[in-house]
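# Structure at a glance
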Amino acid sequence: MSEARPQPYKVRSIHVVAKGEDVLVREYMLDPGEVIPWHRHTHVSDYYYGLEGVVVVETREPPARHAVPAGKSATVSPPTVHRVSNGGTRPCRFLLVQGVGRYDFVPAA
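Residues numbered from 1 in each chain as written. Predicted model: local features only at pLDDT ≥ 70, side-chain atom pairs only at ≥ 80, totals over all residues. Heavy atoms only, no water.

### Quick word on the overall build of the protein
- What the protein contains, in helices and strands, is zero helices and 10 strands.
- In the protein, the succession of α and β elements from N to C terminus is β-β-β-β-β-β-β-β-β-β.
- Taking 13 Å as the expected radius of gyration for a compact globule of 109 residues, we find that the protein reaches 13 Å, a close match to that expectation.
- Overall, the protein is about 35 × 35 × 25 Å in size when its C-alpha atoms are taken along their principal axes.
- Expressed as a percentage of its 109 residues, the buried residues of the protein come to 40%.
- Sequence-distant contacts in the protein: of pairs separated by 6 or more residues, those separated by 24 or more amount to 68%.
- Counting only carbon and sulfur atoms, one obtains 54% of the accessible surface of the protein, whose full area is about 5900 Å².
- Put simply, the protein has 13 plus and 11 minus side-chain charges, and the middle of one group is 3 Å from the middle of the other. (Helix = DSSP H or I, 4+ residues; strand = E, 2+ residues; numbered from the N terminus. Rg over C-alpha atoms; globule rule 2.2 N^0.38 Å. Buried < 20%, exposed > 50% of the residue type's maximum accessible area, 1.4 Å probe, protein only. Contact = heavy atoms within 4.5 Å. Areas by Shrake-Rupley, 256 points an atom, 1.4 Å probe, with all protein chains shown as cover. Lys, Arg positive; Asp, Glu negative; His and termini not counted. Charge placed at Lys NZ, Arg CZ, Asp CG, Glu CD.)

What follows is the structure in structure tokens.
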């Protein structure tokens, strides 16, 4: 299943694993240096599960940086402003489960 609508950022790949009324599950692959920019969600929490390499999840308030390797996880609750990146030297792959609620992507400066 491919991404249904374009995202306001570019990463190597995004594959929809499952999509329901109030939950969205996608597998992401980020090449080194790729970033999902600062943003927040109104209703949904983000649950990150590392599959390969290390994905970095950063938040502003509270300020935090979580390196999520394969087999580990991190959670971001709404409306926390956050960004996701690959600061490593090889691609990273992770599963992102978003829910429960209506999905949105609100860019943050």
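### A few points about the nonpolar core
- Judged by nonpolar contacts, the single largest core of 21 residues is most densely connected at Tyr 9, Val 11, Tyr 28, Ile 36, Tyr 48 and Phe 94.
- Elements with a minimum of two residues in this core: β1 (13–19), β2 (23–30), β5 (54–59), β7 (73–76) and β9 (92–99).
- Once you skip the residues sitting within four places of it in the chain, Ile 36 turns out to touch Tyr 9, Val 11, Tyr 28, Arg 83, Val 84, Phe 94 and Phe 105. (Core = buried A, V, L, I, M, F, W, Y, C linked by side-chain atoms within 4.5 Å.)

### Regarding the environment of Arg 60
- Within the fold, Arg 60 resides in the loop between β5 and β6 (64–69).
- Overall, the relative accessible area of 30% leaves Arg 60 in the partly exposed class.
- Linking Arg 60 and Asp 46, residues 14 residues apart in sequence, is a C-alpha distance of 15 Å.
- When neighbours within four sequence positions are excluded, Arg 60 is seen to be in contact with Trp 38, Val 81, Ala 108 and Ala 109.
- For Arg 60, the side chain forms a polar contact with the main-chain oxygen of Ala 109, separated by 2.4 Å. (Polar contact = N/O pair within 3.5 Å; in protein donor to acceptor, adjacent residues only side chain to side chain.)

### So, the sheet that holds strand β10 (residues 106–107)
- The antiparallel open sheet is built from five strands, whose spatial order is β6-β5-β8-β3-β10. Unpaired on one side and paired on the other, β6 and β10 mark the two borders of the sheet.
- Of the strand pairs in this sheet, β5 and β6 are connected by six bridges, and their pairing is antiparallel. Looking at the pairing, Glu 58 lines up with Arg 65 of β6. (Pairing = 2+ DSSP bridges.)

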